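Residues per chain are reported as follows:
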Amino acid sequence: MSTVQGNEGKKDTLPWLKQKASSKLTKKTLYKRIPVLGWAPKYDKAAAVGDILAGVTVGLMVIPQALAYSGIAGLPPQYGLYGSFIGAIVYIFFGSCKDVPMGPTAISALLTFQSIKGMGPEHAVLLCFFTGLVQFVMGIFGLGFLIDFISGPVSSGFTSAVALIILTSQVKDILGVHAPGSVFTEIWKNIFQDIHNTNAWDTCLGIACIIVLLVMRVVGQMKIGPSKGELSSFQKCFNKSLWLLATARNAIIVIVCGFIGYALYDGTSPLTLIGAVPAGLPSLQPPPFGGYNRIENNTEVHVPFVEMMANLSTGIIVTPLIGLLETIAICKAFSDGKPVDATQELIAIGLANIANSFVHAFPGAGALARAAVNNSSGVKTPLGGLYTGILVILALLFFTPFFYYIPKAALAAIIIAAVIFMVEVRVVKPMWRSKKSDLFLGVCTFVACLVLPLEVGILVGIGLNVLFILYHAARPKISIERLTTSRNTEYLMITPDRCLIFPSTDYVRNLVTKHSIRQGIPVVIDCSHIYGADYTAATVVETITKDFALRNQPLFFYNLKPSVSAVFEGLSPQDFVVYYDHDQLDDLLEKQNAKKTDTNNIV
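Only a predicted model underlies this, so the values are computations on that prediction, with no experimental measurement involved.

All told, the structure shown has seven salt bridges when counted by the stated rule. Two residues, Glu230 and Lys236, come together in a salt bridge whose shortest N-O distance is 3.3 Å. Note on Lys236: relative accessible area 45%, which makes it partly exposed. A salt bridge links Arg498 to Asp497; the nearest nitrogen and oxygen atoms lie 3.0 Å apart.

Shown next, in the form of structure tokens:
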């Protein structure tokens, strides 16, 4: 008997599965999930020229940045380069935004540093894999909406705090002092404790580099010729040269400072150099799923996989979300009003991070500064990432011996000159004018991220944001008016401004009861703005109608949506009266009075 039922169940299930599969596996879905299929057949010479120019330009940016971001992550310099080519190439096939340059970012580097807590590259590589895996799974299940819980004020507070923490973490390299730590206050405490060991060479070079970088940034924004009208060939060439000079400023600083480091090196150097960088491409191997061995007190100790996962803690959840937030910010900035597919971006950056973990990289995402350069360089398709990746591969194969002489102060200056513009001071005034509670939320997130570990700080900001949402849901705005019908009958009009759901039902009930008893006249609840309700709201409506009936006080519901009415009527409340035309109110009041008179006569 059970076997027969089981076979019947299989027969019923198989057609359903086939139907679902056929509805999902369509040409439209395939083109949506593998965007390269859409633009590759239309690829032409003009697109190729734009992509090559943009890819090489971004490559000149990403190489010095990757070396610098490795320092933020607390890893040797080559690990930033390892994360700058495979992921960029994978994004070509699955990315939906042409402007996203996949690779290491300042924020992802700082999150990596705070997640691995100085436990070495193995933890960073494992974090990269699980960051990608979480992002990919979120994409498969369409969970891109989760970033909607990170509001603008929370994002601004987080980004500003990250910028200050990154800036602080690089001050030690500008001064040439030893200042460990991952929290803002802790780093500054350690800087002041070791400030007497300041290296004057590092400090002078670092400050000079910061000044030059900021001046070159301003120079890149300068243009000659009329703001409106046709430019001459010379003016176009000159403006383009200024822009290219400003765009390549990081690479120029690294090359010039590298020569300075080489000239001053005679076995030792007055400058703090980044040291030897392994030549060649990284070996292709899976992340350390079986754990790894490390040396403690001259003894080899095995660190199991479970312990590594425990060490990474909340970083496995926070890092993927922030990576998505960075990438979506780029997509929105350059989408020209087109909708952004967060699900596809999750799949793309997830697969890119998974691929990066097989070449010893730490987590990456889209970088807004590189995206701006990518866009202004005339990128046409995501294929620009191929040329960026090729440039990084060439650097790993041929230029790593020269990286030895690059001063750490120069890399620190590159980071400081970039992240100083991430502090979102410009949003404070508009936020104060618009809604002060949003500014409070942003400030709380900002402070939490400075005094607590970064992943805890962003969770505090999101938690406060959710509490604000719940509070507003629990306290709807309710207008109360004393009106008169066409036949001069006074009544009380109570109008809630949003849905009735469980956090707000008791509040609404108490307010309706309080004012109805005080006024002692018929009450109308205007439901024009109530687009949804739940079971708790239905029980409250049932209770309210009973209370009004016991007091012989008329209660009516005006303009109730059919879907909401169905919820309320599910409990079959007595004396539940709905009307949709203002002219009906007098008739309803007369019926109510007649009913009351009949009841009194019977008594």
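Once you've had a look at it, read on.
Below, the discussion takes up the nonpolar core. Leu81, Phe158, Ile166, Phe362, Phe403, Leu411 and Leu454 are the most contacted members of the largest nonpolar core, which totals 96 residues. Contacts of Leu81, omitting those with residues within four sequence positions, involve Ile63, Ala66, Leu67, Val392, Leu396 and Phe403. Counting 24 residues, the second-largest nonpolar core is a separate cluster that includes Leu492, Leu500, Cys527 and Ala538.

Summarising the element assignment, Thr505 is placed in helix 23 (residues 505-519). Judged by relative accessible area, which is 4%, Thr505 ranks as buried. Once you skip the residues sitting within four places of it in the chain, Thr505 turns out to touch Thr536, Ala537 and Val540.

Its place among the elements puts Gly520 in the loop between helix 23 and strand 7 (523-526). A residue is classified by how much of its surface remains accessible, and Gly520, at 55% relative accessible area, is exposed. C-alpha of Gly520 to C-alpha of Asn199: the two residues are 321 residues apart in sequence and 82 Å apart in space.

The next thing to look at is the environment of Val523. Looking at where Val523 falls in the secondary structure, it is placed in strand 7. Overall, Val523 belongs to the buried group, its relative accessible area being 0%. Expressed as a C-alpha distance, the spacing of Val523 and Met493, which sit 30 residues apart in the sequence, is 6.1 Å. If we ignore the near neighbours within four places in the chain, the residues touching Val523 are Leu492, Ile494, Ser516, Phe548, Gln553, Pro554, Leu555 and Phe556.

With that settled, consider the UniProt feature "transmembrane region" (unreviewed entry) in the protein chain. The UniProt feature table records "transmembrane region" (unreviewed entry) at residues 52-73, 79-97, 124-147, 200-220, 241-265, 385-404, 410-428 and 440-471. From the first C-alpha to the last, residues 241-265 spans 33 Å; its make-up is 92% helix and 0% strand. The span residues 410-428 carries 58% helix and 0% strand; its end-to-end C-alpha distance comes to 32 Å.

The next point concerns empty space enclosed by the protein. According to the stated counting rule, one finds three cavities of 30 Å³ or more in the structure shown. Put simply, the largest cavity is a space of about 130 Å³. Lining the largest cavity we find 19 residues, and of these Ala88, Val100, Pro101, Met102 and Gly385 sit closest to its centre. Looking at the lining of the largest cavity, the elements that each hand over two or more residues are helix 4 (45-73), helix 6 (86-94), strand 1 (102-103), helix 17 (368-376) and helix 18 (384-403). Counting residues per element, the lining of the largest cavity draws most heavily on helix 4, at four residues. Here the lining of the largest cavity is composed, by residue class, of nine nonpolar, eight polar and two charged. The space that makes up the second largest cavity amounts to roughly 100 Å³.

Tracing the chain through its elements places Leu146 in the loop between helix 8 (121-140) and helix 9 (152-175). Sequence-wise, Leu146 and Leu321 are 175 residues apart; in three dimensions their C-alpha atoms are separated by 8.2 Å. Sequence-distant contacts of Leu146, that is, excluding residues within four places in its chain, are made with Met138 and Leu321.

Cross-referencing UniProt, the feature "domain: STAS" (unreviewed entry) maps to residues 488-575 in the present numbering. Secondary structure across residues 488-575 divides into 44% helix and 17% strand, with the first and last C-alpha atoms of the span separated by 24 Å.

Okay, helix 24 (residues 535-550) next. In an α-helix there are 3.6 residues to a turn, and that puts residues three or four apart on one side. For helix 24, which comprises 16 residues, the first-to-last C-alpha distance of 23 Å matches the rise-based estimate of 22 Å (1.5 Å per residue) to within 8%. Residues Ala537, Ala538, Val540, Val541, Ile544, Thr545 and Phe548 constitute the buried set of helix 24. For helix 24, the arc enclosing every buried residue in end-on projection is 160 degrees, short of the 170-degree limit, so these residues lie on one face. The outward face of helix 24, more than 90 degrees from its buried face, is lined by the exposed residues Tyr535 and Leu550. Of the surrounding secondary structure, the elements contacted by the buried residues of helix 24 are helix 23, strand 7, strand 8 (555-558) and helix 25 (562-569). Looking one or two residues past helix 24, Asn552 carries a phi angle of roughly 55 degrees, positive in sign.

Moving on: a nonpolar patch on the surface. Together, Leu281, Ile390, Leu394, Leu397, Phe398, Phe399 and Phe402 make up a nonpolar patch on the protein surface, roughly 680 Å² of accessible area in all. Summarising the element assignment, Phe399 is placed in helix 18.

Where burial is concerned, the two faces of strand 7 agree: the one with Val523 and Ile525 and the one with Val524 and Asp526 are both buried. Strand direction decides the pairing type here: strand 6 (residues 490-496) and strand 7, joined by three bridges, are parallel. Looking at the pairing, Ile494 lines up with Ile525 of strand 7. With respect to chirality, the unit in which strand 6 leads through helix 23 into the neighbouring parallel strand 7 is right-handed. As paired elements, strand 7 and strand 8 share four bridges and run parallel to each other. Each bridged residue has a counterpart across the sheet, and for Val523 the counterpart in strand 8 is Leu555. Chirality of the crossover, the property in question, places the unit of strand 7, helix 24 and strand 8 among those that are right-handed.

In this section: the packing of aromatic side chains. Applying the stated criterion across every chain, the model contains 16 aromatic pairs. Seen in terms of ring centroids, Trp39 and Tyr43 are 5.9 Å apart; in terms of plane orientation they differ by 55 degrees. Their pairing is tilted. By way of ring pairs, the aromatic residues Phe129, Phe130, Phe289 and Phe305 are connected into one cluster. Positioned above the aromatic ring of Trp243, the side-chain terminus of Lys240 is 4.6 Å from the ring centre. Across from the ring centre of Phe548, 4.6 Å away, lies the NZ or CZ of Arg551, which sits over that ring.

The rules behind the values
- Residues numbered from 1 in each chain as written.
- Predicted model: local features only at pLDDT ≥ 70, side-chain atom pairs only at ≥ 80, totals over all residues.
- Heavy atoms only, no water.
- Salt bridge = Lys/Arg side-chain N within 4 Å of Asp/Glu carboxyl O.
- Buried < 20%, exposed > 50% of the residue type's maximum accessible area, 1.4 Å probe, protein only.
- Core = buried A, V, L, I, M, F, W, Y, C linked by side-chain atoms within 4.5 Å.
- Contact = heavy atoms within 4.5 Å.
- Helix = DSSP H or I, 4+ residues; strand = E, 2+ residues; numbered from the N terminus.
- UniProt positions renumbered as here; feature names shortened; annotations may be inferred.
- 1 Å grid on protein atoms, 1.4 Å probe; cavity = no way out; pocket = protein on both sides within 12 Å on 5 of 7 lines; lining within 4 Å.
- Points joined across faces, edges and corners; volume = space filled by probe spheres on them.
- Nonpolar A, V, L, I, M, F, W, Y, C, P; charged D, E, K, R; others polar.
- Expected span 1.5 Å × (residues − 1).
- Arc of directions from axis to C-beta.
- Patch = residues over 30% accessible without salt bridge, like charges linked within 9 Å, V, L, I, M, F, W, Y side chains within 5 Å.
- Areas by Shrake-Rupley, 256 points an atom, 1.4 Å probe, with all protein chains shown as cover.
- Pairing = 2+ DSSP bridges.
- Right-handed = clockwise from strand over helix to strand, strands pointing away.
- Phe/Tyr/Trp six-rings, centres within 6.5 Å; stacked < 30°, edge-to-face > 60°.
- Lys NZ or Arg CZ within 6 Å of the ring centre and 35° of its normal.

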